[in-house]
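Structural description and commentary
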Amino acid sequence: MNAVAAESNTEISTDGYGDYDFIVVSNRLPVDRVTDASGDSWRRSPGGLVTALAPVMAKADGAWVGWHGAPDETLEPFDHGNMHLRPVPLSASEVELYYEGFSNATLWPLYHDVIAPPEFHRTWWDSYRTVNRRFAEAAAEVAAEGATVWVQDYQLQLVPQLLRNLRPDLKIGFFNHIPFPPLEIFAQLPWRKDIIAGLLGADLIGFQRPSDTANFLRCVRRFAGHSVRQQQVHVTGEDGSSYVSRAEAFPISIDVSQITELAKREDVIERSKQIRRELGNPKVILLGVDRLDYTKGISHRLKAYGELLEDGRISVEDAALIQVASPSRERVEQYRLLREEVEGTVGRINGTYDTMSNTAIRYLHHSYPVEEMVALYLASDVMLVTALRDGMNLVAKEYVAARTENTGVLVLSEFAGAADQLRQAVLVNPHDIDRLKDAVVNAINMPPREAQRRMRLMRRQVLQNDVERWSQNFLNALRMEGEQQ
């Protein structure tokens, strides 16, 4: 029995359709397996997407299609909370070829402006196509007649068109959580036409920034030849039928209420004070929070900080940098090399500038629960977000949401999607080390009244546009697209 046949155990009603009116399709299911003495169980994954869509699931009789995280294992569909979960199996080989290979060593660097060189391998592409078809078939099986299906992110860009071919009755949305590259970069992809065709299977294609939308539509004109008017693509299918696919920006956000409530909790506030004491109560604490990824500009940040210490513009007695770098794709060679580079830089800076009482950089290669992250946000006077390319960067928004007293300064890369919305941040080009250094010093020395004015305006923007509003805006737009077809 092949992999697709082996997974096709979902109950399908007698009319040939599934039972669920709203389906989310993503690479991973919204649950994590927990193994303890009593056996295996599941808990809901942290993260804004799950938080945003769980209420929609509850209201709309929803199902979630995704991989459950263990290779070479097939699970029956199961329910968790208000969600029906449809696991899609992946073999160890597919995890290597489709996920680590094509998704994260081809598409990820290509879509992030080739900061690292992408690799193009036909075997990776073949696996990507196979897995995307499996996800599309799973979604088609569980979807009720006329259901809404929302496909998430770059790992599944072929699913919309595959799903449209299988189930033309569905309303299909797609959201790209990472940047979409300029035409001149996307042109390098050998399978560029296939990716464009896959995405155009959706009635609505969402991007983080208007510039991503513009990049996509330029690629549509060049490589697909469809008519494009006012962000609408008029697509003619292989069978001669036609429909409209619309591309638009829907900047994602965070669970604002969770962050603000934690920021007001006494135990979290006390933990933030404890963090400052553990660092020797410096005058200024700077904070960086990133996945350990070459797109995040961690090396640029450390270089600038080390030079500020060398120049004497800051001192280890007065300032401390906390750098949280959560583990990421540690089986991939580029990421192992990045970790070695970052840890080597931290070691050199600390070895040069540490004293018995003070540490220049407190480096933490861990993931932390949200309570600890909010305590770090509260403990820090300056947040450093120096991404070289980022779809949004939700850490910037979390820091702003946590600053309930309108204190603190955000230094933000203009190459992060958040820069479109958080215009009152100290915006920087992280490639320009001298100006990055100036920005850090300006943030440290910013007059309190100016810092409060900037933070108040940024908080208003974040509080008015939370992740629930993001999902509602997208789904309302998708509903309107479906009604106009």
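See above for the structure.
All values reported here derive from a predicted model rather than from experimental measurement. (Residues numbered from 1 in each chain as written. Predicted model: local features only at pLDDT ≥ 70, side-chain atom pairs only at ≥ 80, totals over all residues. Heavy atoms only, no water.)

**Quick look at the overall build of the protein**
A count of helices and strands for the protein gives 17 helices and 18 strands. Relative to a compact globule of 485 residues, whose C-alpha radius of gyration would be 23 Å, the protein shows 23 Å and is just as compact. For the protein, the spread of C-alpha atoms along the principal axes amounts to about 70 × 55 × 40 Å. Evaluated residue by residue, the protein yields a buried proportion of 55% over its 485 residues. Considering only contacts within the protein whose residues lie at least 6 apart along the sequence, 74% involve residues at least 24 apart. For the protein, the accessible area works out to roughly 20400 Å², and carbon and sulfur atoms hold 46% of it. Here the protein contributes 53 positively and 66 negatively charged side chains, and the mean placements of these two sets differ by 6 Å. (Helix = DSSP H or I, 4+ residues; strand = E, 2+ residues; numbered from the N terminus. Rg over C-alpha atoms; globule rule 2.2 N^0.38 Å. Buried < 20%, exposed > 50% of the residue type's maximum accessible area, 1.4 Å probe, protein only. Contact = heavy atoms within 4.5 Å. Areas by Shrake-Rupley, 256 points an atom, 1.4 Å probe, with all protein chains shown as cover. Lys, Arg positive; Asp, Glu negative; His and termini not counted. Charge placed at Lys NZ, Arg CZ, Asp CG, Glu CD.)

**Describing the pairing of strand 13 (residues 284-291)**
With seven of eight residues buried, strand 13 lies mostly within the body of the structure. Of the pairings in the sheet, the one linking strand 13 to strand 14 (residues 319-326) comprises eight bridges and is parallel in character. Residue pairing for strand 14: Arg 291 is matched across the bridge by Ser 326. In this view, the connection linking strand 13 to its parallel neighbour strand 14 by way of helix 11 (residues 298-311) has right-handed handedness. One ladder, built from two bridges, connects strand 13 with strand 16 (residues 382-385); its direction is parallel. Considered in strand 16, the bridge of Leu 286 is made with Val 382. (Pairing = 2+ DSSP bridges. Right-handed = clockwise from strand over helix to strand, strands pointing away.)

**Describing the packing of aromatic side chains**
Taken as a whole and judged by the stated rule, the model has 23 aromatic pairs. Pairing Phe 250 with Phe 474 gives two aromatic rings, centres 5.2 Å apart and planes at 65 degrees, and the pair type is edge-to-face. Pair noted here: Phe 250 is in the loop between strand 12 (242-249) and helix 9 (256-263) and Phe 474 is in helix 17 (residues 467-484), with a separation of 224 residues, a long-range link. Relative accessible area serves as the criterion here: at 0%, Phe 474 is assigned to the buried category. Between Tyr 377 and Tyr 399, the aromatic rings sit 6.2 Å apart at their centres with planes inclined by 85 degrees, giving edge-to-face as the arrangement. Taken together, the residues span a long stretch of sequence, with Tyr 377 in helix 13 (residues 370-379) and Tyr 399 in helix 14 (residues 394-402) at a distance of 22 residues. Three or more aromatic residues joined by ring pairs make a cluster, and in this case those are Tyr 98, Tyr 99, Phe 102, Trp 125, Tyr 128 and Trp 191. When the ring centre of Trp 67 is taken as origin, the NZ or CZ atom of Arg 28, which lies over that ring, is 5.4 Å away. Across the ring face of Tyr 243, the terminal group of Arg 164 is positioned such that the distance to the ring centre comes to 3.7 Å. (Phe/Tyr/Trp six-rings, centres within 6.5 Å; stacked < 30°, edge-to-face > 60°. Lys NZ or Arg CZ within 6 Å of the ring centre and 35° of its normal.)

**A short note on the side chain of Asp 293**
Structurally, the position occupied by Asp 293 is in the loop between strand 13 and helix 11. Asp 293 sits in the buried class, given a relative accessible area of 2%. A polar atom in the side chain of Asp 293 sits 3.4 Å from the side chain of Trp 108. A polar atom in the side chain of Asp 293 sits 2.7 Å from the side chain of Tyr 335. What Asp 293 contacts, discounting residues up to four positions off in sequence, is Trp 108, Ser 328, Arg 329, Tyr 335 and Leu 338. (Polar contact = N/O pair within 3.5 Å; in protein donor to acceptor, adjacent residues only side chain to side chain.)

**Looking at the environment of Asp 113**
In this fold, Asp 113 is placed in the loop between helix 3 (92-111) and helix 4 (122-142). The class for Asp 113 is partly exposed, based on a relative accessible area of 29%. When the C-alpha positions of Asp 113 and Thr 386 are compared, they lie 15 Å apart, and in sequence the two are 273 residues distant. Discounting residues that sit within four places of it in the chain, Asp 113 has contacts with Pro 182, Ile 185 and Arg 389.

**A few points about the sheet that holds strand 6 (residues 83-87)**
Taken in spatial order, the ten strands line up as 5-6-4-1-7-8-9-12-11-10 in an open sheet, and their pairing is mixed. At either end of the open sheet lies a strand with only one pairing partner, and these are strand 5 (78-80) and strand 10 (227-229). This sheet shows a mean twist of 25 degrees between the axes of neighbouring strands, independent of strand direction. Across three bridges, the pairing between strand 8 (residues 171-175) and strand 9 (residues 204-207) is parallel. Paired with Phe 175 across the two strands is Gly 206, which belongs to strand 9. (Axes fitted to C-alpha atoms, helices over the stretch in contact; angles between N-to-C directions.)

**Looking at unusual backbone geometry**
Phi is positive for Asp 113, which is not a glycine, with a value near 60 degrees. One non-glycine residue, Asn 393, adopts positive backbone phi at about 80 degrees. Of note, Asn 393 is situated in the loop between strand 16 and helix 14.

**Looking at the packing of helix 10 (residues 266-278) against helix 13**
Contact geometry of helix 10 with helix 13 gives a least axis separation of 8 Å together with a crossing angle of 60 degrees. Taken as axis vectors, helix 10 and helix 13 run oblique relative to one another. In this structure, helix 10 crosses over helix 13, and the sense of that crossing is right-handed. Counted together, Val 268, Ile 269, Arg 271, Ser 272, Ile 275 and Arg 276 of helix 10 and Glu 371, Glu 372, Val 374, Ala 375, Leu 376, Leu 378 and Ala 379 of helix 13 form the full contact between these two elements. (Parallel < 35°, antiparallel > 145°, perpendicular 65-115°, else oblique. Left-handed = near helix turned anticlockwise from the far one by under 90°.)

**Overview of the sheet that holds strand 16**
Taking strand neighbours across the sheet as the criterion, the six strands line up as 15-14-13-16-17-18 in an open arrangement whose pairing is parallel. Sheet topology places strand 15 (361-364) and strand 18 (426-428) at the edges, where each strand pairs with a single neighbour. Direction aside, neighbouring strands of the sheet carry axes that sit 15 degrees apart on average.

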